[in-house]
Amino acid sequence: MVSRRRFINLGGQSLVALASSGLLVPKTASLSYAQNSAEKSQAPSTNVDVIIVGAGLSGLIAARTLRKAGKAVTVLEARTRVGGRMASTKTIEGGVIDFGGQWVGPTQTRFLALLDEFQIKRFDSHYEGKSVFIWNGKRTIANLAKDYDKSFLFFDPSQLPLLPSDLLAAKELNQKLMKIVAQVNREKPWLTPNAKALDSQTIQTWINQNSRSEIARFTIAWLTRQGGEGGFEPSEASLLHLAWKQAVSPQNEFPETWLIDGGAGQVAVRLAQELNDAIQLNAPVRWIEYGDKAVKVITKAGITYNAKSVIVAIPPPLRMGIEFSPPLPAQMSGLIQRGPMGSIIKAHAVYPNAFWRSQGLSGMAIGNLPLLEFTADSSPPSGKPGILTTFVSSNQAVSLGLLNADDRRQAIMRDFVKYWGPQAANPTNFYEANWPSEQWTRGAYTNFLTPGTWTSFGPAWREPVGPIFWAGTEVATRWPGYFDGAIRAGESAAQSALAL
Ligand SMILES: Cc1cc2nc3c(=O)[nH]c(=O)nc-3n(C[C@H](O)[C@H](O)[C@H](O)COP(=O)(O)OP(=O)(O)OC[C@H]3O[C@@H](n4cnc5c(N)ncnc54)[C@H](O)[C@@H]3O)c2cc1C
């Protein structure tokens, strides 16, 4: 039986639940991290060189970079924990799960370097054996392709019971998209050839115009909903946005190659341990007043912090929850209003062992079931415990989020069973992270831009506003939406603050 206690809300009120489930908070300071500022032995300074808003990976990296350069920093974090979208918990079965990001790939060099520096090991994500593909109720067991570019959604197309005309249509549609991707201006997407035309249509409009095959259309929709793009429907976002994301965060560079031994969440914990005296938890920033070379930052509790500059390292739509004085320039204001977060509910079912492995199966599945379009094996190399992971995305995540926790679990488990059989029906534990309901994230994996936004508002994307610099994975020019992008954006913002 699955205990209800395992439905873990990651918001501020849920600290007790997180602590009791073993969320990886800093070992040395786990209790002080839960206390308010008055109880901390050393409250962060209110007069520093740079204030950082947000103690996710990006903000922590920015703070660390500045500290190493000799600057005094204070990090203000809204939640009662660090890490933002990087958070792990230990399972009672002896495993670790990540509520947010979990994978890393070979070209994510900044994140790999950080893991190496902290001597955190990684292991191959399990893709051995055959995988499951379900299309319109028909379940097929097939090998994954060796070459992603020749695959049908990772699968060896020759093993799928699809019409040759459908396979050809899917191949052609993906090749058309890749032609657009190859033309994208990665640093300034609004300067891409034909940018206005690409940006004025939704991905869905383009799909409909370019293919009549239902399954070919599904491959692109899958990319927007499930691939590392951001939990949105093809009808919601600009074609230019998808092309840009595929140019700078390409699926064919295998961002899901390795899992992190002990969970990704420990990385934020390690960074926070270094910065402990500079971090103020439970300190949502509400007000930023700025001149040419001075900022005043005020938190919800009314505490004022002064600095020469500020780095805002939060998901872009959340900037709307901060009052800026003077107001942000119109182009920046327009940009953040037109770039909502995607919607993802991530869930894990935990079993005593990865039973699918002994059946020669990988744990990876793709299909068009009512709820789940993807599952993956997140178990440790030993397969004990066995952990199946899934992401409920976009419209489905919104609908699922309206149900109560038990009904959500049942709906997810029904689809797990369709992919992996009756043995999947009885996990020892079930975890979910409902990111759209998280006050301090409001969605996942990242944000996306609506049609017309890149070309009208794009130039504001990374542009500092006086002494305000922007960090957070969304402002990275490489691997935005991923851990690697969060690091790059944090480092880049820190360099800009140093140059002020
Ligand atoms: C379900 C899911 C799966 C993912 N899978 C992967 C993966 O496998 N691999 C990968 O590389 N990436 C993955 N990602 C993305 C990755 O987790 C993020 O890109 C990265 O963690 C973002 O870091 P960040 O610091 O930019 O933002 P965040 O982690 O969102 O940090 C922002 C911080 O700012 C705080 N904050 C917000 N508003 C305020 C305010 N007003 N005042 C003070 N603080 C504030 C928040 O509490 C938060 O701690 C995934 C994300 C999710 C959610």
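Look up: the structure comes first, before these words.
Residues numbered from 1 in each chain as written. Predicted model: local features only at pLDDT ≥ 70, side-chain atom pairs only at ≥ 80, totals over all residues. Heavy atoms only, no water.

Some remarks on the pairing of strand β18 (residues 374-377)
A two-sided burial pattern is seen for β18, the buried positions comprising Phe374 and Ala376 on one face and Thr375 and Asp377 on the other. Bridge count for strand β17 (residues 361-367) against β18 is two bridges, and the pairing is antiparallel. If you follow isoleucine 366 over to β18, its bridge partner there is phenylalanine 374. Linking β17 to β18, which pair antiparallel, is a turn of six residues. (Buried < 20%, exposed > 50% of the residue type's maximum accessible area, 1.4 Å probe, protein only. Helix = DSSP H or I, 4+ residues; strand = E, 2+ residues; numbered from the N terminus. Pairing = 2+ DSSP bridges.)

Focus on the sheet that holds β17
If you trace the seven strands from one edge of the open sheet to the other, you get β8-β7-β17-β18-β19-β16-β20, paired in mixed fashion. The sheet is open, and its two borders are formed by β8 (138-142) and β20 (429-434), each paired with just one other strand. In this sheet, adjacent strand axes meet at a mean angle of 20° when their direction is disregarded. Sheet topology note: the β18/strand β19 (residues 386-393) ladder contains three bridges and is antiparallel. Residue threonine 375 lies in a different strand from β19, and its bridge partner there is threonine 390. (Axes fitted to C-alpha atoms, helices over the stretch in contact; angles between N-to-C directions.)

Some remarks on the environment of lysine 418
Mapping lysine 418 onto the fold places it in helix α13 (residues 405-420). A residue is classified by how much of its surface remains accessible, and lysine 418, at 41% relative accessible area, is partly exposed. Residues within four places of lysine 418 in sequence aside, it is in contact with Ile134, Arg139, Leu369 and Pro370. (Contact = heavy atoms within 4.5 Å.)

A short note on the site of the ligand
With respect to spatial proximity, 35 residues lie near the ligand, and among them Glu77, Arg85, Trp103, Thr473 and Phe483 are the closest. One nitrogen or oxygen atom from the main chain of leucine 57 is found 3.1 Å from an oxygen atom belonging to the ligand. One nitrogen or oxygen atom from the main chain of glycine 84 is found 3.4 Å from an oxygen atom belonging to the ligand. Surface burial for the ligand is 98%, taken as the share of its 1000 Å² of free accessible area covered by protein chains. Tallied by class, residues from the shell around the ligand come to 20 nonpolar, 11 polar and four charged. (Near = heavy atom within 4 Å. Polar contact = N/O pair within 3.5 Å; in protein donor to acceptor, adjacent residues only side chain to side chain. Areas by Shrake-Rupley, 256 points an atom, 1.4 Å probe, with all protein chains shown as cover. Nonpolar A, V, L, I, M, F, W, Y, C, P; charged D, E, K, R; others polar.)

Topic: the nonpolar core
Within the largest apolar cluster, 90 residues are counted, with the highest numbers of intra-cluster contacts made by Phe133, Ile288, Val297, Val310, Ile366, Ile468 and Trp470. Top element by residues in this core is helix α8 (residues 239-248). It accounts for seven residues. Beyond its immediate stretch of four places on either side in the chain, phenylalanine 133 contacts Lys138, Arg139, Thr140, Phe152, Phe155, Leu160, Leu162, Ile215 and Ile366. Counting residues in hydrophobic clusters, the runner-up holds 41 residues, among them Ile52, Phe111, Phe118 and Ala272. (Core = buried A, V, L, I, M, F, W, Y, C linked by side-chain atoms within 4.5 Å.)

Comments concerning helix α9 (residues 265-275)
Along α9, eight of the 11 residues are buried, which leaves the element largely enclosed by surrounding structure. Where α9 is concerned, the buried positions are Gly265, Gln266, Val267, Ala268, Val269, Leu271, Ala272 and Leu275.

Quick word on empty space enclosed by the protein
Counted by the stated rule, this structure contains two cavities of 30 Å³ or more. In this model, the largest cavity occupies a volume close to 160 Å³. Of all the elements, α8 adds the most residues to the lining of the largest cavity, at three residues. In terms of residue class, the lining of the largest cavity is built from nine nonpolar, four polar and three charged. Two domains each provide a minimum of three residues to the lining of the largest cavity, namely domain 1 (12-85 + 264-340 + 448-499) and domain 2 (162-253). (1 Å grid on protein atoms, 1.4 Å probe; cavity = no way out; pocket = protein on both sides within 12 Å on 5 of 7 lines; lining within 4 Å. Points joined across faces, edges and corners; volume = space filled by probe spheres on them. Domains from an automatic or database assignment.)

Observations concerning unusual backbone geometry
Residues other than glycine predominantly adopt negative phi, and peptide bonds predominantly adopt the trans conformation. Cis geometry is found at the peptide bond from serine 325 to proline 326, where omega equals 0°. Backbone torsion omega between alanine 444 and tyrosine 445 reads -5°, so that peptide bond is classified as cis. Tracing the chain through its elements places tyrosine 445 in the loop between β20 and α14 (453-457). In this model, glutamine 119 sits at a positive phi of 55°, which is unusual for a non-glycine residue. Looking at where glutamine 119 falls in the secondary structure, it is placed in the loop between α3 (109-117) and β6 (122-124). At phenylalanine 154, a position not held by glycine, the phi torsion is positive, near 80°. Looking at the secondary structure, you find phenylalanine 154 in the loop between β8 and α4 (164-183).

Comments concerning the sheet that holds β6
The sheet built from three strands is open, its strands ordered β5-β9-β6 with antiparallel pairing. At either end of the open sheet lies a strand with only one pairing partner, and these are β5 (103-104) and β6. Alignment of β5 against strand β9 (residues 258-260), held across two bridges, turns out to be antiparallel. When the sheet's bridge partners are listed, valine 104 is paired in β9 with tryptophan 258.

Comments concerning the pairing of β17
Buried residues dominate β17, accounting for seven of its seven residues. In this structure, strand β7 (residues 130-135) lies alongside β17, joined through four bridges in parallel fashion. Of the residues in β17, the one forming a bridge with phenylalanine 133 is isoleucine 366.

Structural notes on the pattern of salt bridges
Under the criterion given, the structure shown has 17 salt bridges. When the shortest N-O distance is used, the salt bridge between glutamate 117 and arginine 64 registers 2.5 Å. Here the residue glutamate 117 occupies a position in helix α3, and arginine 64 occupies one in helix α2 (residues 57-68), the gap between them amounting to 53 residues. A residue is classified by how much of its surface remains accessible, and arginine 64, at 8% relative accessible area, is buried. The closest approach of N and O atoms between lysine 418 and aspartate 415, which form a salt bridge, is 3.5 Å. Of the two residues, lysine 418 and aspartate 415 are both situated in helix α13; the distance of three residues between them amounts to about one turn of the helix. (Salt bridge = Lys/Arg side-chain N within 4 Å of Asp/Glu carboxyl O.)

Describing the layout of surface pockets
Taken as a whole, the second largest pocket encloses approximately 500 Å³ of empty space. The set of elements that each furnish at least two residues to the lining of the second largest pocket consists of α4 and α7 (214-225). With seven residues, the top contributor of residues to the lining of the second largest pocket is α4. Considered class by class, the residues forming the lining of the second largest pocket number 10 nonpolar, seven polar and three charged.

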